[in-house]
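Inside the fold
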Amino acid sequence: MAIAKREEGKKVNSNINVTPMVDVMLVLLIIFMVITPMLNNKVNVDLPKVSAAVVMENANKEDAIVIAVTRDGKTFLGADQVSLTDLGTRVADLLAKKTDAAADKTVYMRADNRANYGNVMDAIDAVRTAGVSQLGLLTDNSLQ
Amino acid sequence: MGMGGGGTGGAVSEINVTPLIDVLLVLLIIFMVIVPVTPKGLDALVPQPPKKNQPEIQNDRTIVVQVTSNGAGEPGYKINDSDFAKSAITAKLEEIFATRQEKVMFVKGDANLDFGKIAEVIGMGHTADVTNIGIITPRVAAGQ
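Parameters and conventions
Residues numbered from 1 in each chain as written. Chains lettered and ligands numbered in written order. Predicted model: local features only at pLDDT ≥ 70, side-chain atom pairs only at ≥ 80, totals over all residues. Helix = DSSP H or I, 4+ residues; strand = E, 2+ residues; numbered from the N terminus. Rg over C-alpha atoms; globule rule 2.2 N^0.38 Å. Buried ≥ 20, exposed ≤ 12 C-beta atoms within 10 Å, placed from the backbone. Contact = placed C-beta atoms within 7 Å. Nonpolar A, V, L, I, M, F, W, Y, C, P; charged D, E, K, R; others polar. pLDDT = per-residue confidence, 0-100. Core = buried A, V, L, I, M, F, W, Y, C linked by C-beta atoms within 7 Å.

With that settled, the discussion passes to the overall build of chain A. Across its full length, chain A carries three helices and six strands. Helices and strands in chain A line up, N terminus first, as α-β-β-β-β-α-β-α-β. At 26 Å, chain A has a C-alpha radius of gyration far larger than the 15 Å of a compact globule built from 144 residues. By principal-axis analysis of the C-alpha atoms, chain A measures approximately 95 × 35 × 30 Å. Out of the 144 residues in chain A, the part that is buried amounts to 27%. Counting contacts in chain A only where the partners sit at least 6 residues apart, residues at least 24 apart contribute 79% of the total.

Next up, the structure:
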């Protein structure tokens, strides 16, 4: 039982252990891959909190027609700002591409909680001229 | 050395759960990020203009919920032409539609209001199990 000899000094392993780093990096990569498609093409609006809202799975799809009305009265189609006069024709163009009978022809509305209702009605009127009858008013999805 | 566990010969019989917990925690975080993103909303309809040469069908059973503006104060609520308190609307709508086959109502809001107030009323309609809620815009009202 002599004093235990420490062996580390003899052969120093000079390589950095990269395994944990790669581990963390891969996790970060996956997290950002998941989050990124959710962040783009969304106008930042403060949606109203409402009881009795139902899940609208289709509103997140690539081909969903989403109109946003912000608090300062601007209208957006997807991520681009459009004027009310153009909105009808552009929505009609988008609807014309949905030739499939089973396609979801609902137009989704992301209107700010404090947006002027007159502006919202103007936007609804504009899409009404495009022949839209189904409207989905998106609301805050956080838990109440 | 007697009881010196983890020595040269003794195999460790416990499963190493650390990587398992690692992976599960990452999956938990990823799903925590994804789940709240499912969009929710309220279904609404936009009445289309009546076809030409078609007589308008007068219907005295139509229910219109109006939201009127009181300047800066709380908005006023009306079902058809009688005033109601905000808290009494859901109950009244439930009473009206309990015996009806066609669950249709219309929402008409003052243009000066915030969109959130009208979204609340549409939510109340859905709470009262009204499946078809139409939004009356100025051009719908004008019959265009």
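It is worth spelling out the overall build of chain B at this point. Each helix and strand counted, chain B has four helices and six strands in total. Shown N-terminal to C-terminal, the secondary structure of chain B runs as helices and strands in the order α-β-β-β-β-α-β-α-β-α. In chain B, buried positions account for 24% of the 144 residues. Intrachain contacts of chain B at a sequence separation of at least 6 include 67% that bridge at least 24 residues.

A separate point is the interface of chain B and chain A. Each side of the interface is counted separately: chain B has 35 residues, and chain A has 39 residues. Residue assignment for the side of chain B that touches chain A shows that the elements contributing at least two residues are helix H1 (18-34), strand S1 (40-45), helix H3 (115-127) and helix H4 (138-141) of chain B. The element contributing the most residues to the side of chain B that touches chain A is H3 of chain B, with nine residues. In terms of residue class, the side of chain B that touches chain A is made up of 19 nonpolar, ten polar and six charged.

Attention now moves to the confidence of the model for chain A. Across chain A, the average pLDDT comes to 82, with 91% of residues at or above 70. Within chain A, helix H1 (residues 19-39) of chain A has the poorest average pLDDT of any element, 82, and strand S3 (residues 75-77) of chain A the best, 90.

The biggest cluster of nonpolar side chains holds 50 residues, and the ones touching the most others in it are Ile67, Val107, Val120, Val127 and Leu137 of chain A together with Ile118 and Ile122 of chain B. When residues of this core are assigned to their parent elements, the largest contribution, seven residues, is made by helix H3 (residues 117-128) of chain A. With residues up to four places along the chain from it excluded, the contact list for isoleucine 118 of chain B reads Tyr117 of chain A together with Val67, Val107, Gly109 and Leu113 of chain B.

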